[in-house]
Structure formats: structure tokens, C-alpha cells
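# Examining the three-dimensional arrangement
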Amino acid sequence: MARLPLLCAGVGAVALAALLIGTHAPSHRAHAQAQPVAPACVAPAELARFTHRLPRLAERVAQRVPITIVAVGSSSTAGVGASSPMTNYPARLEALLRERTPGVGMINVLNRGVGGEEIRDMLARFERDVIAEKPDLVLWQLGTNSVLHDHEINGNGALLAGELAVLKGTGADVVLINPQYAPKVLAHPAMDTMLDLISATAKAANVEMFDRFALMKYWRETRDLPFETFLSPDLLHMNDWSYDCLARLLANAIADAAIRVPLGFVMHARGRPMWPVWTDE
């Protein structure tokens, strides 16, 4: 994983990659050792790539017109644990995608995260905070607070499915982001039920899911990173490093899915694309 994908029209192939985050910071004290370099932001390919294209986003990229992404969710979207508004994941995602789209219209990532909310709370403001923005892509982070509060989970499936149908009806692409892998979350046995519900609902609705839980579990159990490396001191919310890494991996997945050549693309005899036949949606 050595190269980052470029989100631009006309690119035929994109490789997922990693980027070292952080650099040696010089000490303010004489003869003091420099601070350690932060871990590399890496993940298995299956955790950093979507299954299908994002057709609405692909269309906007090809047309080189402005793109609106709405990030909706609770405190993980609002940015609790980040050191500033510029280091939460939506802000970092916007900066990263703008860097990769020099020939495309402006990309705006609107942060519509409200701390403490559950699915029902989010649905009450979807018309105003999400649909009214006419998004091309909706990133919906959900599930953690219902588990933390030990609330009934099963009824959320129908609510989630209903709103996904509404969002798809607007023409927007949708990506669900599941809960974080953190001690305060893992302490609740309903976590597995919530993870299964989000995964099954996303599959049934044919929308993408970014498996944040599996990603953070990989950091902890495979890479053996301490929780303190990617969580804030409350051992629940993410920190600057993990928000940035989440944004980088999301940017990779979004970029790849926005320029991926669809299956069944009809070709000219000379090998140039002629018109799309969507067979992978």
C-alpha cells in the first residue's frame, strides 16, 4: 500500500495506499529526544474499499461540477475528542478530497453531527440537515448511542431501512458507518446485535458500509496499538490520529468508487468506452 488514489475523471485504475501520519516534532528542551512518530495509517484492502461504484458521485466527478457530501451522525461526526474543528473526520475528509481533485469542481463536506443522538433523533432532523442540502453523497454514522444507553435495538432496523429508501429516492449515494471499537462500547453485549443490524440493513438496501468497528479492531488486535493511540482519554471517542486515518481511508474508498469503471461497460473497437451498461448496481 504505497500510493494514494487520485479522484479525477479519466483515471482508469486506482491503488489503495497508506500515508505516514505525523512527523518528528522538535523538542523545546535542549538535548531532549524528539517525540515518536505516529503509527502509519494502514488497513486491509477489504476494510478500505467499497463493493460497488458510487454512481451519483461518479457522474458529478465526470461532469467536473461541485460536489456536496453530508456527514450526519452523533459525536463521532461532530468531532468530540478532536483537538479542533479542523481535525474531525468530515473536515479532514474535505481537505483530502480537495487535494485529490484539482480538475474537478469544489467538494464540500457538511458536518451534521450532533453529540448523543440515536437513530430516531437523527431522523427527526434529516429533512432539514441532510435532504435539504441536496447531497450527492451521504455518510451516515450511527449505532453507538443506542448501545451505550442500553435501548431497544431491533426496532431501529425498520427506521433505518425506511430512511435509506428516502435517501436513495433523492438520487444520493449512501454510505453507513458503524460504531467504534472502544472499551466503553465493548462493555455492552448489545453491540453485536447493532453491528449485525447495520450490516444486514445496508446489504438489503444495496448501500455501502464502511466498517469502522472492524478497522479499529484491526488497529487494536492485529497491529497491537494501545487504545490510547487511537482514542481520546475517555476511551470512547476518537482522537486526531484516528479521525485523520478514518478520513484518509474513506477518501481512498470514495475516490476509488467514484472513478471505477463499471462492469459491462461497452467498448469501442479501439478500446475506448462508448456507453455504460450498469450491471454492478
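Our subject is the structure listed above.
Okay, so let's go over this structure. Note that this is a predicted model, so its numbers are computed, not measured.

## A short note on the side chain of Asn156
You can see Asn156 is positioned in helix α7 (residues 156-169). We classify Asn156 as buried; its relative accessible area is 4%. Ignoring anything within four residues of it in the chain, the contact list for Asn156 reads Ile119, Ser146, Met194 and Leu197.

## Points about the environment of Ser232
By the secondary structure assignment, Ser232 is in the loop between α11 (227-230) and α12 (240-259). For Ser232 and Gly81, which are 151 residues apart along the polypeptide, the C-alpha to C-alpha distance reads 5.5 Å. Among all residues touching Ser232, those that are not within four sequence positions of it are Gly81, His237, Met238 and Asn239.

## Some words on the side chain of Asn145
Considering the arrangement of structural elements, one finds Asn145 in helix α6 (residues 144-148). On the accessibility criterion, Asn145 (8% relative accessible area) is buried. At a separation of 3.5 Å, a polar atom in the side chain of Asn145 contacts the side chain of Ser74. In terms of polar contacts, Asn145 uses its side chain to reach the backbone carbonyl oxygen of Glu117, at 2.7 Å.

## Brief notes about the sheet that holds strand β3 (residues 67-73)
Judged by pairing direction, the sheet is parallel, and its five strands sit side by side in the order β4-β3-β5-β6-β7 without closing on themselves. The strands lining the two open edges of the sheet, one partner per strand, are β4 (107-113) and β7 (208-210). Across the sheet, the mean angle separating the axes of adjacent strands is 20° when strand polarity is ignored. Inspection of the sheet shows β3 paired to β4 by seven bridges, in the parallel sense. Paired with Ile67 across the two strands is Ile107, which belongs to β4. Along the sheet, helix α3 (residues 89-99) makes contact with β3, β4, β5 (137-141) and β6 (173-177), crossing β4 at roughly 175°.

## Here's the deal with the state of the cysteines
Summed over all chains, the structure comprises one disulfide. For Cys41, the disulfide goes to Cys245, at an S-S distance of 2.0 Å. Its S-S torsion of approximately 90° makes the covalent link between Cys41 and Cys245 right-handed. Linking Cys41 in strand β2 (residues 40-41) with Cys245 in helix α12, this pair joins segments that are 204 residues apart in sequence. When sorted by exposure, Cys41 lands in the same class as Cys245, which is buried.

## Structural notes on the environment of Glu118
With respect to the helices and strands, Glu118 occurs in the loop between β4 and α4 (119-124). Expressed as a C-alpha distance, the spacing of Glu118 and Val147, which sit 29 residues apart in the sequence, is 9.3 Å. When near neighbours in sequence (up to four residues on either side) are disregarded, Glu118 contacts Asn145, Ser146, His149 and His151. At 2.9 Å, the side chain of Glu118 and the side chain of Ser146 are in polar contact. Side-chain polar atoms of Glu118 contact the side chain of His151, separated by 2.6 Å.

## Section: unusual backbone geometry
Even without being glycine, Lys134 reaches a positive phi, approximately 50°. Assignment of secondary structure puts Lys134 in the loop between α5 (126-129) and β5. Phi angles above zero are rare outside glycine, and Asn206 is one such case at about 60°. As for its placement among the helices and strands, Asn206 is situated in the loop between α9 (191-205) and β7. Here Asn206 falls in the partly exposed class, since its relative accessible area comes to 40%.

## Some thoughts on the pattern of salt bridges
Enumeration over the complete set of coordinates arrives at twelve salt bridges. Across the pair Glu59 and Arg56 runs a salt bridge, and its minimum N-O distance is 3.6 Å. With Glu59 and Arg56 both in helix α1 (residues 55-63) and three residues apart, this pair spans about one turn of that helix. Ionic pairing is found between Arg98 and Glu94, a salt bridge with its closest N-O pair at 3.8 Å. Residue Arg98 and its partner Glu94 are located together in helix α3, separated by four residues, close to a single helical turn. Among the charged side chains, a salt-bridge network with shared partners connects Arg56, Glu59, Arg60 and Asp136.

## Concerning the packing of α1 against α12
The interhelical angle for the contact between α1 and α12, taken along N-to-C directions, is 75°, at an axis separation of 8 Å. Here α1 lies roughly perpendicular to α12, going by the angle between them. In this structure, α1 uses Leu57, Ala58 and Val61 to contact α12, whose residues at the interface are Ile254, Ala258 and Ile259. Its residues assigned to classes, the contact of α1 with α12 comprises six nonpolar, no polar and no charged.

Calculation rules
- Residues numbered from 1 in each chain as written.
- Predicted model: local features only at pLDDT ≥ 70, side-chain atom pairs only at ≥ 80, totals over all residues.
- Heavy atoms only, no water.
- Helix = DSSP H or I, 4+ residues; strand = E, 2+ residues; numbered from the N terminus.
- Buried < 20%, exposed > 50% of the residue type's maximum accessible area, 1.4 Å probe, protein only.
- Contact = heavy atoms within 4.5 Å.
- Polar contact = N/O pair within 3.5 Å; in protein donor to acceptor, adjacent residues only side chain to side chain.
- Pairing = 2+ DSSP bridges.
- Axes fitted to C-alpha atoms, helices over the stretch in contact; angles between N-to-C directions.
- Disulfide = S-S within 2.5 Å.
- Salt bridge = Lys/Arg side-chain N within 4 Å of Asp/Glu carboxyl O.
- Parallel < 35°, antiparallel > 145°, perpendicular 65-115°, else oblique.
- Nonpolar A, V, L, I, M, F, W, Y, C, P; charged D, E, K, R; others polar.

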